[in-house]
Amino acid sequence: MTYVQLIEKPALDGAYYQSANASRVYGWYLGDSQNYAADREAARAALGVASWVQQSARINRAFQLQSYTWARDLGVRQFVDLGCGWPHHPVLFDVLGQEFPVVYVDRDPGVAAHLSTALDQGDATTVIRADIVPMRPFLTSAPMRAAIDLDRPVAVFLGDVLPWWPDDAEVQKAMSELRAWMPAGSTLALTHLTGDFTPDEVSALVTTYARHGLKVRARSREQIADLFGDLVQQGPGLSPTGQWHQDGPYARLPPERSAAFAGIAVKATHGRRGA
């Protein structure tokens, strides 16, 4: 396994453990133990205003795992998990097999350190600690050039990542850079919090997270669709997360349980290759 740090941030001090952390809160929803008092307080407060938030995290996770196999079955043989967060088993190589190149990316120093020790030690796995907004400096970095062959399609996953970047202009620019970089035939799987189904509860959730130091931005279906640019939507198109995979375990739940939209799109074969 290759481990690379592209950003220099302060070491893991007391403040890191005493403040709520989005990755650890998400992990708490999934039943993980890698969390601290501040994370549990934020998660329980969120459940108090949006009772579906824990189930929506589990729905998101199920979509993620199904999306990996969907891309593999389409013929994609290299994978990038952007903003991957704390590893939750099964991880990518458990689902896909260890022969496929996999790149895990996260800016959180605790996440990156844990990934470097908890994941597969094979040569095909790369862990990169980097900012993904802005996107281009990371995508064109030497570690990414070494890990990903831009002459072949790549499957990119952004699961519940972009809501944590509230600035719409920054997110749009980052996604434009990502789409330009992706080789023709690549897939982009994305999930994103929305207030379209339960606007009052999602507004309360955003406010509650803010009180715990977590900035989050819900976006509309139209705004989320724009993040895909001209990539071609697959399956049912942009849909409530639990309903995208129509044979999935959450397909019969109402959209408000997902509280998010999900899509998988393909870059057309006539598109130009990125940098």
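Residues numbered from 1 in each chain as written. Predicted model: local features only at pLDDT ≥ 70, side-chain atom pairs only at ≥ 80, totals over all residues. Heavy atoms only, no water.

Enquirer: Describe the environment of G229, naming the residues involved and giving the relevant values.
Expert: With respect to the helices and strands, the residue G229 is situated in the loop between helix 11 (221–226) and strand 7 (232–233). Distance in space between the C-alpha atoms of G229 and S176 is 7.4 Å, their sequence separation being 53 residues. (Helix = DSSP H or I, 4+ residues; strand = E, 2+ residues; numbered from the N terminus.)

Enquirer: Which residues make up the pairing of strand 4 (residues 125–129), and what are the values?
Expert: Residues in a regular strand project their side chains so that they alternate between the two faces of the sheet. Within strand 4, 5 of the 5 residues are buried, leaving the element largely enclosed by the surrounding structure. The two faces of strand 4 match: T125, V127 and R129 on one face and T126 and I128 on the other face are all buried. Both strand 1 (residues 2–5) and strand 4 contribute to a ladder of 4 bridges, which runs parallel. Paired with Q5 across the bridge in strand 4 is R129. With 5 bridges connecting them, strand 3 (residues 102–106) and strand 4 associate as parallel partners. Note on strand 4: the bridge partner recorded for V102 is T125. (Buried < 20%, exposed > 50% of the residue type's maximum accessible area, 1.4 Å probe, protein only. Pairing = 2+ DSSP bridges.)

Enquirer: Before we move on, can you summarise the packing of aromatic side chains with the specific residues and values?
Expert: Inspection of every chain in the model, using the stated rule, returns 10 aromatic pairs. Taken together, the ring pairs connect F63, Y68, W70, F157 and W244 into an aromatic cluster. Sitting over the ring of Y16, R24 keeps its end group 4.8 Å from the ring centre. Above the face of the F261 ring, R221 is positioned so that its terminal group lies 5.8 Å from the ring centre. (Phe/Tyr/Trp six-rings, centres within 6.5 Å; stacked < 30°, edge-to-face > 60°. Lys NZ or Arg CZ within 6 Å of the ring centre and 35° of its normal.)

Enquirer: Hey, could you go over unusual backbone geometry for me, with residue numbers and the actual values?
Expert: Along the chain, V133 connects to P134 via a cis peptide bond; the corresponding omega equals 5°. The topology assignment puts P134 in the loop between strand 4 and helix 7 (136–139). Non-glycine residue D160 carries a positive phi angle of around 55°. With respect to the secondary-structure elements, D160 resides in the loop between strand 5 (155–159) and helix 9 (168–181). Classification of D160 as partly exposed rests on a relative accessible area of 26%. At A259, a residue that is not glycine, the phi angle is positive and equals roughly 55°. Given the relative accessible area of 3%, A259 is considered buried.

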